[in-house]
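# Fold and geometry: a report
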Amino acid sequence: MSSFTPNHALLNPKFEGYKLEVISQEDAVTRFGLECRPTQVANSGRSPLSFKEVQSRITHNHLAIANDSGRCLYIDSEHRVILVDLANVGLRDIIFFHREYPSAVFLDASTAFVADGQGALYILGLPAEGVATILGCFELSDNTQTPHSAPTPFRIHSVARLSDGAAIALLSSRFYGESEAAQTQSMASHASEFDVWAARFSLPFPSQNGDLAPIDILWRRRGQDVPIFTEYDNSRKCFLLAGSSVYRQLNQPAPPSYEPPPDEMAPIPRLDEKLDVETPPRPPPYSWTQTSDSVTVAFPLPATTPTSSIKVTFSQKTLTVHVQTTSHVEGVPLPHYSAQQLWDGIQTSTSFWTWDREGEHSFGLLTLHLDKQREDTRWMHVFASAGTPGGEEDVPETLDPSELYLIRESLEKYTAALQSGEDMSGLGLGRGVPALAQGEMDEEVDSSVGRVAFLTWVGEDGGIPVWSTGFGDSACNILSIDLPGSGPGASMVVKNGIDGTVFVLDEAQVVGSLPTWTHSATFSALAFVLASKQDTRFTYHVSSKAVLAFENGSRDRGGNVYIYRGGRPGQIWAKQSVLKVGDGSAGSLLGVGTFKTAQGHTIVCLCENELVVMHDIF
């Protein structure tokens, strides 16, 4: 299966931080008062909400937007569908609907799918002018959990047009189990589960007599969370479901709950006992750097090691390093490589090694100077097996040659810390955190940024693709997803240390080929700066241009949007900007989206009392 392996050439370990670029609030932000106001208040039901449902509702985007058309819609507090045409600015009532938590998506600029949150789905035709027309009315029923064929409340996530003249809408609903069990279900004893439904609609839509027709369900999956996002990959004829769990077929058993073993249980501290003392991280076994025609590798050894104890043998493809000495330092293994395969070939006749004891230090440096067989070939590692299962340790290249020999100081600090019990940080050779984060990192806070997601692939007919294991794709920690309306294709900003790496789903050349994700850009220190935002409601990105973190805001305090722009590899600074979304009277932020114009991307923000439009901000 595919994995999210970052391209080290796109990472920027020298990144220092973001510099503020002021954007004129008056020039970039336009506000429209809303006569028909939306709301995030939902009617309470008899069944309490699970944590997953609460989390999903907090991040629910109440604004639906049609790509590049300037049209968006939302549902107001009276459950009317309100269409906004920003190309011809104005608000229009569409039709009254039922109560509950609504959702909507666009099939195209003139067709919208609207769910009322109570089990009904309406397909609306949206003309350029005049009143919208109802093209179809449907309802979702599940006799296994709703008595008397009552509609099943659901949310609509996305809709895609297939090549066979049909449209597939992806819906999600909470699964309560059998109807008897649903009445007695206890939140303390039963983990919540959610179903993902694929609903098929023929195009053009057949005429109806006005009654609610049953939704044609093509397939159904079940997981432990509401999907974070869904996507249809036309090149592979598959659907992608991203969530905090895999989405299994109904005939597959639920995954067992995790029970930690005794060695993972947190011990109870005794009087004067310190349990939070961490073992200092061990420096890498060597450091290395390269030029266009050579590779330099430095091994730290005890300074008392005699030259006669060092054996180094070069061959065109392998390297042998053996050190035998009685001056062994506890916790620091000596290098031992026997005919280890190198990343690429070397010139044995011009390669050599040196041993520098440096008497004032407790460690000396064994330095290997390897001449490349093929000049201008960039080595990704010293050894071919580095970073592979069962292979050598993955030691990143030291990009700044002046830092090559800092491994000696790092190892001396490490051994001193082992004896004193001190905490150490920033020992990675040329890998330390950017200056932006030095001395300010809180690992507990930083680790909570983003959402862990599993990727599940489902064929158009609901089957498991031949290349899929059926148990989901690689897990990743998602910091940001595509801003709604930003265009076709799937991309994610995945957490990599304190950075955010942009991965784009490659288009398949042949239907049925394995999905691959390409690391296309890096937002340096993104996870670090997002960790400081306590009121963030949405985090979206637009390709590699920018990541936008939207605050929720409140009735008495408007929220901001923090804009972090991408930078080129090697840049130590990138630009950030801040704009105020709400001014205190706008209310909480409920939804965001974008569409592209000749001048650039226009950002639309739906608040409780205002519609805020931002333009020409990147």
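See the structure printed just above.
Description of the structure in this document. It should be emphasised that the depicted structure is a prediction, and the values quoted were computed from it without experimental measurement. (Residues numbered from 1 in each chain as written. Predicted model: local features only at pLDDT ≥ 70, side-chain atom pairs only at ≥ 80, totals over all residues. Heavy atoms only, no water.)

## Thoughts on the sheet that holds strand 20 (residues 294-302)
Let me state the cut-off plainly: Between any two strands, pairing holds if DSSP finds at least two bridges. Secondary structure counts use DSSP, requiring at least four H or I residues in a row for a helix and at least two E residues in a row for a strand, with both numbered from the N terminus. Simply put, an axis is a line fit to the C-alpha atoms, just over the touching stretch for a helix, and the angle between two N-to-C directions goes from 0 to 180 degrees.
Ordered by their spatial adjacency, 4 strands build an open sheet running 19-20-25-24, and the pairing between neighbours is antiparallel. Among the strands making up the open sheet, the edge pair consists of strand 19 (287-290) and strand 24 (346-356). Recorded for the sheet is a direction-independent mean angle of 15 degrees between the axes of neighbouring strands. Inspection of the sheet shows strand 19 paired to strand 20 by 4 bridges, in the antiparallel sense. Across the sheet, the residue bridging to Gln 290 is Val 295, located in strand 20.

## A short note on the environment of Ser 315
Keep this limit in mind: Contacts between residues were defined by any pair of non-hydrogen atoms, one from each residue, lying within 4.5 Å. Any pair of N or O atoms that falls within 3.5 Å is considered a polar contact. Within protein, one atom must be able to donate a hydrogen and the other to accept it, and sequence-neighbouring residues count only if both atoms are side-chain atoms.
As for its placement among the helices and strands, Ser 315 is situated in the loop between strand 21 (310-314) and strand 22 (318-323). Beyond its immediate chain neighbours, meaning those up to four positions away, Ser 315 contacts Ile 346 and Thr 348. At a separation of 2.3 Å, a polar atom in the side chain of Ser 315 contacts the side chain of Thr 318.

## Section: the pattern of salt bridges
Filter applied, for reference: In what follows, salt bridge is the name for a side-chain nitrogen of Lys or Arg lying within 4 Å of a carboxyl oxygen of Asp or Glu. The cut-offs for exposure are 20% and 50% of the maximum accessible area for each residue type, with area from a 1.4 Å probe on protein chains only; residues under the lower value are buried, those over the upper are exposed, and the others partly exposed.
Inspection of every chain in the model, using the stated rule, returns 14 salt bridges. Glu 21 serves as the salt-bridge partner of Arg 565, at 3.0 Å between the closest nitrogen and oxygen. In this pair, Arg 565 sits in strand 33 (residues 560-565) while Glu 21 sits in the loop between strand 1 (17-20) and helix 1 (25-28), placing the two residues 544 residues apart along the sequence. Classification of Glu 21 by relative accessible area gives partly exposed; the value is 28%. Here Asp 344 and Arg 374 are joined by a salt bridge, their closest N and O atoms 2.9 Å apart. Separated by 30 residues along the polypeptide, Asp 344 in the loop between strand 23 (336-341) and strand 24 and Arg 374 in the loop between strand 25 (363-372) and helix 4 (406-420) bring together distant segments of the chain. By relative accessible area, which is 9% here, Asp 344 ends up buried. Taken together, the salt bridges that share partners define one network made up of Glu 21, Arg 565 and Lys 575.

## Points about the side chain of Ser 158
Inspection of the secondary structure puts Ser 158 in strand 11 (residues 155-161). Looking at Ser 158, its side chain comes within polar contact range of the side chain of Thr 230, at 2.7 Å. What Ser 158 contacts, discounting residues up to four positions off in sequence, is Val 105, Ile 168, Ala 169, Leu 170 and Thr 230.

## What to know about the side chain of Asn 477
With respect to the secondary-structure elements, Asn 477 resides in strand 27 (residues 476-482). Here the side chain of Asn 477 touches Arg 451 through a polar contact of 3.1 Å, landing on its backbone nitrogen. Beyond its immediate stretch of four places on either side in the chain, Asn 477 contacts Val 449, Gly 450, Arg 451, Val 452, Val 493, Val 494 and Lys 495.

## Here's the deal with empty space enclosed by the protein
If a probe the size of a water molecule is rolled over the atoms, the empty space left behind becomes visible. Counted only if it meets this: Buriedness of a pocket was judged along seven lines, with at least five required to meet protein on both sides within 12 Å; pockets are open sets of points on a 1 Å grid over the protein atoms alone, cavities are sets where a 1.4 Å probe fits but cannot get out, and lining residues have an atom within 4 Å of a point. Grid points are joined across faces, edges and corners, and a volume is the space filled by probe spheres set on the points. Lys, Arg, Asp and Glu make up the charged group, whereas Ala, Val, Leu, Ile, Met, Phe, Trp, Tyr, Cys and Pro make up the nonpolar group; the residues left over, Gly among them, are polar.
This model, assessed by the stated rule, comprises 2 cavities of 30 Å³ or more. Around the largest cavity, the lining comprises 13 residues; the ones closest to its centre are His 62, Leu 63, Tyr 74, Ile 75 and Pro 102. When residues of the lining of the largest cavity are traced back to their parent elements, those giving at least two are strand 4 (71-75) and strand 7 (103-108). Sorting elements by how many residues they give to the lining of the largest cavity places strand 4 first, with 3 residues. Residue composition of the lining of the largest cavity, by class: 9 nonpolar, 4 polar and no charged.

## A closer look at the environment of Tyr 74
Looking at the element boundaries, Tyr 74 is found in strand 4. Separated by 532 residues in the primary sequence, Tyr 74 and Leu 606 place their C-alpha atoms 8.4 Å from one another. A distance of 2.5 Å separates a polar side-chain atom of Tyr 74 from the backbone oxygen of Cys 36.

## Structural notes on unusual backbone geometry
In the segment running from Leu 203 into Pro 204, the intervening peptide bond is cis, with an omega of 0 degrees. Within the secondary structure layout, Pro 204 lies in the loop between strand 13 (193-202) and strand 14 (213-214). Positive phi is not limited to glycine here, since Asp 376 has a value of about 70 degrees. In this fold, Asp 376 is placed in the loop between strand 25 and helix 4. Here the phi dihedral of Ser 543 falls at roughly 45 degrees; this positive angle occurs in a residue that is not glycine.

## Observations regarding the nonpolar core
We count it as follows: For this analysis, a nonpolar core means a set of buried residues of the types Ala, Val, Leu, Ile, Met, Phe, Trp, Tyr and Cys, connected via side-chain atoms within 4.5 Å.
Ranked by size, the top nonpolar core spans 42 residues in total, and within it Met 492, Trp 517, Phe 550, Leu 579, Cys 605, Met 614 and Ile 617 carry the most contacts. Sequence-distant contacts of Met 492, defined by excluding residues within four places in its chain, comprise Phe 4, Phe 229, Leu 455, Cys 476, Ile 478, Ser 480, Thr 501, Val 502, Phe 503, Trp 517 and His 541. Listed in part, the 23 residues of the second largest apolar core include Val 297, Val 312, Ile 346 and Val 382.

## Some thoughts on a nonpolar patch on the surface
Put simply, the rule reads: Here a patch means residues that are over 30% exposed by relative accessible area and free of salt bridges, tied together within 9 Å if like-charged and within 5 Å if nonpolar (Val, Leu, Ile, Met, Phe, Trp, Tyr). Method for areas: the Shrake-Rupley scheme with a 1.4 Å probe, in which residue coverage is limited to the protein chains shown.
Among the surface-exposed residues, Leu 20, Val 22 and Val 578 lie close enough to one another that they form a single nonpolar patch of about 300 Å² accessible area. Position of Leu 20 among the secondary structure elements: in strand 1.

## Brief notes about the packing of aromatic side chains
Two descriptors summarise a pair of aromatic rings, namely the distance from one centre to the other and the angle between the planes of the rings. Worth spelling out the cut-off: A pair of Phe, Tyr and Trp rings is counted when the ring centres sit within 6.5 Å of each other, with Trp represented by its six-membered ring. The angle between the planes then sorts it: under 30 degrees is stacked, over 60 is edge-to-face, the rest tilted. Definition used: whenever NZ (Lys) or CZ (Arg) falls within 6 Å of the ring centre and also within 35 degrees of the ring normal, the charge is taken to sit over that ring.
Under the criterion given, the structure shown has 14 aromatic pairs. Among the aromatic residues, those joined into a cluster by ring pairs are Phe 113, Phe 138, Phe 201 and Phe 205. Sitting above the plane of the Phe 175 ring, Arg 222 keeps its charged end 3.4 Å from the centroid.

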